[in-house]
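# Summary of the model geometry
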Amino acid sequence: MSGGLEIRGLRVVFDGFTAVDGVDLDVRPGDLRFLIGPNGAGKTTLVDAVTGLVRAEGSVRFGGEELLGRSVHRIARSGIGRTFQTATVFEELTVLQNLDIAAGAGRSMWTMLRRRRDVPVPVARALETIGLTDVADSPAGTLAHGQKQWLEIGMLLVQDVRLLLLDEPVAGMSHDERQATGELLERISEERTVVVIEHDMDFLRSFARSVSVLHAGRVLSEGTVTEVQADPRVQEVYLGHAPEVPSRGADDGPDDGDGGAAVGAGAASAGDTAADAAVQEA
Amino acid sequence: MNALKGRAARAWYGFAAGAVLLFAVAPAALSDFRLGLFAKYLCMAMVAVGICLAWGRGGLLTLGQGVFFGLGGYAMAMHLKLADAGPGNLPDFMQLYGTATELPWWWRPFANPAVALAATVLLPVAVAALLGLLVFRRRVKGAYFAILGQALAAAFAIWLVGQQATTGGTNGLTDIQGFFGYDLHDPVNQRMVYFVIAAVLLLVVLLARQLIHSRYGELLVAVRDAEERVRFLGYNPANVKLVAYVVAAGTAGLAGALFVPAVGIISPALVGIVPSIEFVIGAAVGGRASLAGAVLGAVAVAWARTALSEEFPAAWTYFQGLLFVVALAFLPGGLASLPAVVRRRRAAAPVAVGEAA
């Protein structure tokens with residue numbers, strides 16, 4: 001179990017509102033875990049707590065080290081990186097400069113005060129991996145939305161994090177960009193642990209190795225995509241909110257494209273179908 | 001890559017042109033009186049170099065540079081006053097107002113020229129480091145940081161005025177005669193002071209350029225634009241900002257120290273709220289993110305101040321306020337950003353026409 005992420009009894013309270021309410025979560029090294037759940041389920045807050053952005057109770061260990069109580073930059077230095085829902089890159093700096101900064105948290109004062117003479121090897125490798133070598137000298141602000149997300153992932157790679165926490169990395173991407181991102185995440189997760197918050201069920205079915213469903217600050221269900229989608233509690237939760245996991249999809253298996261279409265379809269009709277299924281199962 | 005080389009080459013030509021202007025053209029073209037004024041403008045430009053780094057590159061609106069300018073200036077002036085008075089004697093103003101018959105303890109170290117010279121930079125640096133540590137660790141930002149600077153400048157000026165017996169009060173330290181053994185009334189020595197100031201300015205510009213183009217400089221811009229993101233990369237933004245703030249303070253201190261022999265006075269009116277804002281205006285008008293812009297802007301605004309005050313003594317303050325507002329509202333990058341803005345407009349114009357058609 002050592003080397004992975006171990007969360008025990010995690011609680012985050014904002015002014016009396018409990019956003020995360022006693023979450024236990026284990027992610028093995030090399031996993032590609034998807035965190036899903038309705039809006040307000042506490043997914044982003046969970047990531048905020050792990051990365052030190054909000055105060056939390058309980059225990060978060062990564063590779064055996066306790067993270068809670070450390071400051072944001074110290075947690076980052078112990079090998080944990082994250083992205084945000086809206087891509088945040090340094091827009092005025094070039095792609096290369098963005099990556100170089102991400103690679104440099106351990107640099108000495110002397111190195112910092114000198115100019116960058118060449119492209120560091122990890123930076124060149126990351127440029128290759130995220131496919132941005134051609135635009136290395138362009139300001140990051142001029143990149144397309146998808147490219148910015150890849151740049152953020154590249155920044156995590158050169159930062160050499162062992163745990164990547166990605167908050168909706170494919171939101172707003174085209175179909176081809178999603179496919180490319182998914183394949184990128186699969187490659188990355190061979191050597192590192194990846195946790196993805198995602199609403200896109202098509203994307204989830206294609207790339208998730210395991211799934212945790214959060215609801216009202218708790219873990220509702222956990223398992224493979226098929227297991228989770230077959231879980232009646234999951235179907236019930238999604239009925240009361242946005243019906244993002246249509247029950248049809250569960251039967252059709254991970255390679256089905258129709259399930260995704262249902263996500264985009266009218267909420268009422270998808271909800272009705274799921275409601276019927278739930279009623280039958282009850 | 002070519003564009004980068006072109007930019008570096010242009011910067012070197014600009015620097016060389018600046019050096020020729022400072023060391024050959026200005027001394028030949030200007031009268032002793034005008035050269036003295038020019039030396040004063042160069043001190044303003046030196047402060048602007050620090051502001052360019054801290055504000056332009058680091059996003060720290062330093063509205064309290066008067067404090068650091070003053071610390072440097074007073075450190076230098078205290079030494080010069082003691083040297084003027086001669087060993088064992090009190091400076092003239094203390095004999096005039098003072099009830100004390102001996103030198104206050106905190107004046108004594110400044111009798112030593114090496115200590116005083118070091119203090120002109122180290123004193124502002126130490127104060128800025130202490131203040132910066134407190135402020136940046138607590139994540140004080142934006143307008144709050146700017147107001148803090150102003151409050152500090154006000155407090156410093158008020159304290160100086162209140163300590164009439166030991167600081168010269170409202171008058172400040174005036175009537176400075178000599179500069180390390182050279183008589184400041186001699187025009188030849190005044191020219192020497194000018195050359196020292198010009199040389200130090202060029203050195204400070206070189207230092208700032210190195211910082212701006214180093215990896216640290218890139219990181220500083222990153223902190224300015226997305227501080228939280230930098231934190232998640234494993235850096236402590238507080239330390240990054242601290243370096244820029246401290247360097248800016250040291251530069252301002254140096255400028256204050258050199259201002260004293262050039263002008264012959266340092267007083268609370270030169271370090272309070274208004275001068276602190278004036279330091280920023282030059283950089284804002286010229287272009288705070290560009291070294292050349294900040295330096296030229298500071299010199300231009302200081303020169304315009306003299307020229308306009310000679311013609312319309314009352315109007316300058318209004319004009320100055322207007323300048324600041326117009327620059328920030330309509331040209332946030334200052335005059336240095338004008339070519340880029342024009343280029344962008346030109347590039348955008350045909351597209352718009354094409355779409356309309």
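Fair warning: this is a prediction, and the values are worked out from it, not measured in the lab.

## Focus on the overall build of chain A
Within chain A, the regular secondary structure consists of 13 helices and 10 strands. Every one of the 282 residues in chain A was classed for burial, and the buried ones make up 45%. In chain A, once contacts between residues fewer than 6 apart in sequence are set aside, the share between residues at least 24 apart is 66%.

## Observations concerning the overall build of chain B
Within chain B one finds 15 helices and two strands. Radius of gyration (C-alpha) of chain B: 21 Å, near the 21 Å computed for a compact globule of 357 residues. For chain B, the C-alpha atoms occupy an extent of roughly 85 × 50 × 40 Å along the three principal directions. The contacts of chain B with a sequence gap of at least 6 include a subset with a gap of at least 24, amounting to 80%.

## Considering the interface of chain A and chain B
Listed as interface residues are 27 residues of chain A and, on the opposing side, 17 residues of chain B. Those elements that place two or more of their residues in the side of chain A that touches chain B are helix H2 (72-77), strand E6 (80-82), helix H3 (95-102) and helix H4 (109-112) of chain A. Its residues assigned to classes, the side of chain A that touches chain B shows 10 nonpolar, eight polar and nine charged.

## Quick word on the pairing of strand E1 (residues 5-14) of chain A
Residues and elements named next belong to chain A. With eight bridges joining them, E1 and strand E2 (residues 17-27) adopt antiparallel strand pairing. Bridge assignment links Arg11 to a residue of E2, and that residue is Asp21. Connecting E1 to the antiparallel partner E2 that follows it, the hairpin turn spans two residues, and Asp15 within it adopts a positive phi of roughly 45°. As paired elements, E1 and strand E4 (residues 57-62) share five bridges and run antiparallel to each other. Each bridged residue has a counterpart across the sheet, and for Glu6 the counterpart in E4 is Arg61.

## Side note on the packing of helix H2 (residues 32-57) of chain B against helix H12 (residues 273-286) of chain B
Residue and element names in this part refer to chain B. Between H2 and H12, whose axes approach to 9 Å, the crossing angle comes to 70°. Overall, the two elements H2 and H12 adopt an arrangement that is roughly perpendicular. Seen from H2, the contacting residues are Met44, Val47, Ala48, Ile51, Cys52, Trp55 and Gly56; seen from H12, they are Phe279, Val280, Gly282 and Ala283. Of the residues that constitute the contact of H2 with H12, the class distribution is nine nonpolar, two polar and no charged.

## Quick notes on the sheet that holds strand E8 (residues 193-197) of chain A
Residues and elements named next belong to chain A. With mixed pairing, six strands are arranged side by side in an open sheet as E6-E7-E8-E3-E9-E10. Bordering the open sheet on either side are E6 and strand E10 (218-223), each of which pairs with just one other strand. Averaged over all pairs of adjacent strands, the angle between their axes in this sheet comes to 20°, without regard to strand direction. Relative to E10, strand E9 (residues 210-215) runs antiparallel, the two being bridged by five bridges. When the bridges of E10 are listed, Val213 appears paired with Ser221. Strand contacts of helix H7 (residues 175-188): strand E3 (32-36), strand E7 (163-167) and E8, with the helix running at about 150° to E8, the strand carrying the most contacts.

## Considerations on the confidence of the model for chain B
All names here are of chain B. Of all residues in chain B, 95% attain a pLDDT of 70 or more, and the chain-wide mean is 90. Per-residue pLDDT, averaged within each element of chain B, yields its smallest value for helix H15 (residues 338-356) (68) and its largest for helix H11 (residues 237-263) (97). Predicted confidence for residues 351-357 stays below pLDDT 50, and this span has zero contacts to residues more than four positions away or in other chains. For this predicted complex, the interface confidence score (ipTM) comes to 0.84, while the overall pTM stands at 0.85.

## Points about the sheet that holds E4 of chain A
Residue and element names in this part refer to chain A. Spatially, four strands are ordered E2-E1-E4-E5 in an open sheet, and the strand pairing comes out antiparallel. For this open sheet the edge positions go to E2 and strand E5 (65-66), each flanked by a neighbour on one side alone. Relative to E5, E4 is paired through two bridges, and the arrangement is antiparallel. Looking across to E5, one finds that Phe62 is bridged to Glu65. Relative to E2, helix H1 (residues 43-50) is tilted by about 70°, and along the sheet it contacts E1, E2 and E4.

## Some thoughts on the environment of Pro237 of chain B
Secondary-structure assignment places Pro237 of chain B in helix H11. The buried category is assigned to Pro237 of chain B, around which 25 C-beta atoms lie within 10 Å.

## Comments concerning helix H6 (residues 145-158) of chain A
All names here are of chain A. In a regular helix each residue adds 1.5 Å, so 14 residues correspond to 20 Å; H6 covers 20 Å between its end C-alpha atoms and thus fits that length. By the criterion of burial, H6 is predominantly enclosed, with 12 of the 14 residues buried. By the burial criterion, the buried members of H6 are Gln147, Lys148, Gln149, Trp150, Leu151, Glu152, Ile153, Gly154, Met155, Leu156, Leu157 and Val158.

## Details of helix H14 (residues 316-330) of chain B
With 15 residues, H14 of chain B extends 21 Å between its outermost C-alpha atoms, agreeing within 8% with the 21 Å of an ideal straight helix rising 1.5 Å per residue. Of all 15 residues in H14 of chain B, one are buried; the element is thus mostly exposed.

## Thoughts on the packing of helix H5 (residues 121-130) of chain A against H6 of chain A
Residues and elements named next belong to chain A. In the contact formed by H5 and H6, the axes pass within 9 Å of each other and the chain directions differ by 145°. As for how H5 packs across H6, the hand of that crossing is right-handed. Contact with H5, carried on its side by Pro122, Val123, Ala126, Leu127, Thr129 and Ile130, involves Trp150, Leu151, Ile153, Gly154, Leu157 and Val158 of H6 and no other residues of that element. Split by residue class, the contact of H5 with H6 holds 10 nonpolar, two polar and no charged.

## Some remarks on unusual backbone geometry
All names here are of chain A. Within the chain, Asp160 stands out as a residue other than glycine whose phi angle is a positive 55°. Here Asp160 shows up in the loop between H6 and E7. Even without being glycine, Ala216 reaches a positive phi, approximately 50°. As for its placement among the helices and strands, Ala216 is situated in the loop between E9 and E10. Classification of Ala216 by C-beta neighbours within 10 Å gives partly exposed; the count is 15.

## Looking at the environment of Met155 of chain A
Mapped onto the elements of the fold, Met155 of chain A is located in helix H6. With 32 residues separating them in the primary sequence, Met155 of chain A and Val123 of chain A have C-alpha atoms 8.6 Å apart. Each residue touching Met155 of chain A, except ones within four places of it in the same chain, is listed here: Asn98, Leu99 and Ala102 of chain A together with Leu233 of chain B.

## Section: the environment of Ala119 of chain B
Inspection of the secondary structure puts Ala119 of chain B in helix H5 (residues 113-137). Not counting residues within four places of it along the chain, the set of residues in contact with Ala119 of chain B comprises Ala75 and Phe110 of chain B.

## Notes on the confidence of the model for chain A
Residues and elements named next belong to chain A. Of the residues in chain A, 84% have a pLDDT of 70 or more, and the chain-wide mean is 83. Taken element by element, chain A is modelled with least confidence in helix H12 (residues 258-264), mean pLDDT 37, and with most confidence in H3, mean pLDDT 95. Contacts from residues 247-282, a stretch scored under 50 in pLDDT, to residues over four places away or in other chains number 54 contacts.

The rules behind the values
- Residues numbered from 1 in each chain as written.
- Chains lettered and ligands numbered in written order.
- Predicted model: local features only at pLDDT ≥ 70, side-chain atom pairs only at ≥ 80, totals over all residues.
- Helix = DSSP H or I, 4+ residues; strand = E, 2+ residues; numbered from the N terminus.
- Buried ≥ 20, exposed ≤ 12 C-beta atoms within 10 Å, placed from the backbone.
- Contact = placed C-beta atoms within 7 Å.
- Rg over C-alpha atoms; globule rule 2.2 N^0.38 Å.
- Nonpolar A, V, L, I, M, F, W, Y, C, P; charged D, E, K, R; others polar.
- Pairing = 2+ DSSP bridges.
- Axes fitted to C-alpha atoms, helices over the stretch in contact; angles between N-to-C directions.
- Parallel < 35°, antiparallel > 145°, perpendicular 65-115°, else oblique.
- pLDDT = per-residue confidence, 0-100.
- Expected span 1.5 Å × (residues − 1).
- Left-handed = near helix turned anticlockwise from the far one by under 90°.

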